[in-house]
Amino acid sequence: MKKIFIIFFSLVILLGGVKKQPHKEKIIIKEDKLHFKKPINIIFMLPLFLSSTEISQENKKLSDNALSFYLGSKTAIDFILFFQKKEKINIKIFDTKNEKKRITNFISSYDLSKIHAIIGPFFRSSLEEVAKKNNKIPIISPFISSDYLNFYPNIIQAETQDIYLIEPILDEIKIHHKKNKIKILYLLGEEPSQKIKNFIKKQLLQCNHHFKIFYLKNNFYNIKKNIPFFAIFLGGDPILGKEFIELIKGVPVKKIIPFGIGYNHVYYQNLSLLKEHKFLFTTKYHFSQNDQNKRKMFFFIRKKLGNHLNKYQLLGFDLSCDILYRLIENHNLFEIIDKRPFSGLVSKYKYEKISDTEGYINRGLWVIRLY
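Note that the structure is a prediction, hence the values are computed from the model and not measured.

Criteria and thresholds
Residues numbered from 1 in each chain as written. Predicted model: local features only at pLDDT ≥ 70, side-chain atom pairs only at ≥ 80, totals over all residues. Heavy atoms only, no water. Helix = DSSP H or I, 4+ residues; strand = E, 2+ residues; numbered from the N terminus. Rg over C-alpha atoms; globule rule 2.2 N^0.38 Å. Buried < 20%, exposed > 50% of the residue type's maximum accessible area, 1.4 Å probe, protein only. Lys, Arg positive; Asp, Glu negative; His and termini not counted. Charge placed at Lys NZ, Arg CZ, Asp CG, Glu CD. Pairing = 2+ DSSP bridges. Axes fitted to C-alpha atoms, helices over the stretch in contact; angles between N-to-C directions. Core = buried A, V, L, I, M, F, W, Y, C linked by side-chain atoms within 4.5 Å. Contact = heavy atoms within 4.5 Å.

### What to know about the overall build of the protein chain
Here comes step 1: Of regular secondary structure, the protein chain possesses ten helices and 15 strands.
Here comes step 2: Its C-alpha atoms give the protein chain a radius of gyration of 23 Å, within 12% of the compact-globule value 21 Å for 371 residues.
Here comes step 3: Its C-alpha atoms put the protein chain at 70 × 45 × 40 Å along the principal axes.
Here comes step 4: Split into buried and exposed, the 371 residues of the protein chain put 53% on the buried side.
Here comes step 5: Side-chain charges in the protein chain split into 61 positive and 34 negative, and the spacing between the mean points of these groups amounts to 4 Å.

### Examining the sheet that holds strand S7 (residues 212–216)
Here comes step 1: Pairing is mixed across the open sheet formed by six strands, whose spatial order is S7-S6-S8-S9-S10-S15. The open sheet has two edge strands with one neighbour each: S7 and strand S15 (366–369). Geometrically, the sheet is characterised by an average inter-axis angle of 20° between neighbouring strands, direction not taken into account.
Here comes step 2: Inspection of the sheet shows strand S10 (residues 280–283) paired to S15 by four bridges, in the antiparallel sense. Directly across from phenylalanine 281, in S15, lies its bridge partner isoleucine 368.

### Observations concerning the nonpolar core
Here comes step 1: Judged by nonpolar contacts, the single largest core of 50 residues is most densely connected at Ile42, Leu46, Ile140, Leu319, Ile323 and Leu333.
Here comes step 2: Elements supplying a minimum of two residues to this core: strand S1 (40–46), helix H1 (57–83), strand S2 (89–95), strand S3 (117–119), helix H9 (292–305) and helix H10 (311–329).
Here comes step 3: At eleven residues, H1 tops the list of elements feeding residues into this core.
Here comes step 4: Apart from residues no more than four positions distant in its own chain, leucine 46 is found in contact with Ala66, Phe69, Tyr70, Ile93, Phe94, Asp95, Thr96, Lys97 and Phe122.
Here comes step 5: Among the nonpolar cores identified, the runner-up in size contains 24 residues, and Ile184, Ile223, Ile248 and Trp366 belong to it.

Put into structure tokens, the structure is as follows:
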């Protein structure tokens, strides 16, 4: 649950200039020349390390993830232009090489007056550097959600913080407590952050100051099964997931009310058992085969990138679709970012402004109940 020196402007990439590449060194770099009016102008700031001759294992992994993210984003652009052919989208990619000085030089020397949004960089200190020098341009943080970023009014944190995944579950617990007076909660599996522990404790003690909260990483058999209790399984560990299922099997239905935070494939291997408990779990990422829009997205991205899609391709696709659809509606992202939610292929975006002087956070998540 726990979770930039002279700039060469080297990565100006056209729409249509990149296909799926087996080796990132072969990416074709050029500028998009679509002939439409009122273009949308976006910069991606990604740690691609394209011109690096020697690269550490850590940076190679970072580079692979950044390329996957870009390929997903490029597919999102293709998807949007396929259905909305009159749009013009200008994309510029800057290779940060994960160097703060390189980022600073770029931001100081490049004309950003016509840029509608910047997606990236990947890391907090770099995001802060970009936001400080361009406080009127929306800066989208793809992966980092942090209280430190809250203070920048132009930063939009796209990754839902784990703490918001607990809220729908606590609402359910409060309902059950009011009805059945159950006042024992076990947190099981991955250790939650202190922030989440404190949040749970505060919420439940407001409900009943005698509420008892316990945490077990494993050895769930130590739980006293003769007194009714709530159980929240944390994380996607498959081994601990099986232990969680065994716990449920060993307790009468009326003695346990189970929940889950984060997807675990063992849930769908034990549907009949969990349906009996009307099991509810929350997750950041979820794919529904019954959603026609998702199926259309899925077939398009699979045709472009193949059957073996990874997390960064999917998140690049979803985030870019979200931001671009909003910019198509209004080129001033700040005027529309928090007006309505958007559901991508696996992600949900529901932005809220933290305060008048602070930025935006995403509170989009999936609440799934098995009936």
